[in-house]
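Residue-level listing of the chains:
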Amino acid sequence: MKRILLVTFVIAVVLVNLLAYLVERFADVPIAFMFRFALIVGIMFITGIFTGAAALLGFFETEKPNNDPDQTT
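First, a word on scope: everything that follows refers to the structure included in this document. Predicted model, so just to flag it, every value in this text is computed and none were measured.

Re the overall build of the chain
Along the backbone of the chain there are two helices and zero strands. Residues classed as buried in the chain amount to 11% of the 73 residues present. Surface summary for the chain: the accessible area is close to 6400 Å², and the carbon and sulfur share equals 72%.

As structure tokens, then:
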């Protein structure tokens, strides 16, 4: 999970700054550093949620069902 978040962080930093540079260069619209930071943190937050959900699903797939006949549901 740490590796996925690290790779996502590096990709997010590069892409957000590249896109901000291109917008500033061709559209003459400055993009503030705090907005870039908010985009990167948002991408990391969403990635963390999806990575955690995938980890939980992987855990639930390995869980063995309880076939105890004495247990009532």
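From this point, things continue past the structure.
Digging into the pattern of salt bridges
Counted according to the given criterion, the structure contains one salt bridge. In this structure, glutamate 24 engages arginine 36 in a salt bridge whose closest nitrogen and oxygen atoms are separated by 2.9 Å. In this pair, glutamate 24 is assigned in helix 1 (residues 2-27) and arginine 36 in helix 2 (residues 33-62), connecting sequence segments 12 residues apart. The class of arginine 36 is buried, set by a relative accessible area of 17%.

A look at helix 2
Between its terminal C-alpha atoms helix 2 stretches 44 Å, which fits the 44 Å expected from 30 residues at 1.5 Å a residue. Every buried residue of helix 2 is accounted for by Arg36, Ile40, Thr47 and Thr51.

What about the side chain of threonine 51?
Of note, threonine 51 is situated in helix 2. Polar contacts involving the side chain of threonine 51 include one to the main-chain carbonyl oxygen of threonine 47, which spans 2.7 Å. Not counting chain neighbours up to four residues away, the residues in contact with threonine 51 comprise Met1 and Ile4.

Overview of the side chain of threonine 8
Topologically, threonine 8 is positioned in helix 1. Contact partners of threonine 8, with chain neighbours within four places excluded, come to Ile43, Met44 and Thr47.

Here we look at helix 1
Between the first and last C-alpha of helix 1 there are 36 Å, a value that for 26 residues agrees with the 38 Å anticipated at 1.5 Å per step. Within the span of helix 1, buried status applies to Thr8, Ala12, Val16 and Ala20. The inward-facing, buried residues of helix 1 contact helix 2. Within two residues after helix 1, aspartate 28 carries a phi angle of roughly 55°, on the positive side.

A short note on the environment of tyrosine 21
Inspection of the secondary structure puts tyrosine 21 in helix 1. By relative accessible area, tyrosine 21 is classed as partly exposed at 48%. With 10 residues separating them in the primary sequence, tyrosine 21 and isoleucine 31 have C-alpha atoms 8.3 Å apart.

Thresholds, definitions, all that
Residues numbered from 1 in each chain as written. Predicted model: local features only at pLDDT ≥ 70, side-chain atom pairs only at ≥ 80, totals over all residues. Heavy atoms only, no water. Helix = DSSP H or I, 4+ residues; strand = E, 2+ residues; numbered from the N terminus. Buried < 20%, exposed > 50% of the residue type's maximum accessible area, 1.4 Å probe, protein only. Areas by Shrake-Rupley, 256 points an atom, 1.4 Å probe, with all protein chains shown as cover. Salt bridge = Lys/Arg side-chain N within 4 Å of Asp/Glu carboxyl O. Expected span 1.5 Å × (residues − 1). Polar contact = N/O pair within 3.5 Å; in protein donor to acceptor, adjacent residues only side chain to side chain. Contact = heavy atoms within 4.5 Å.

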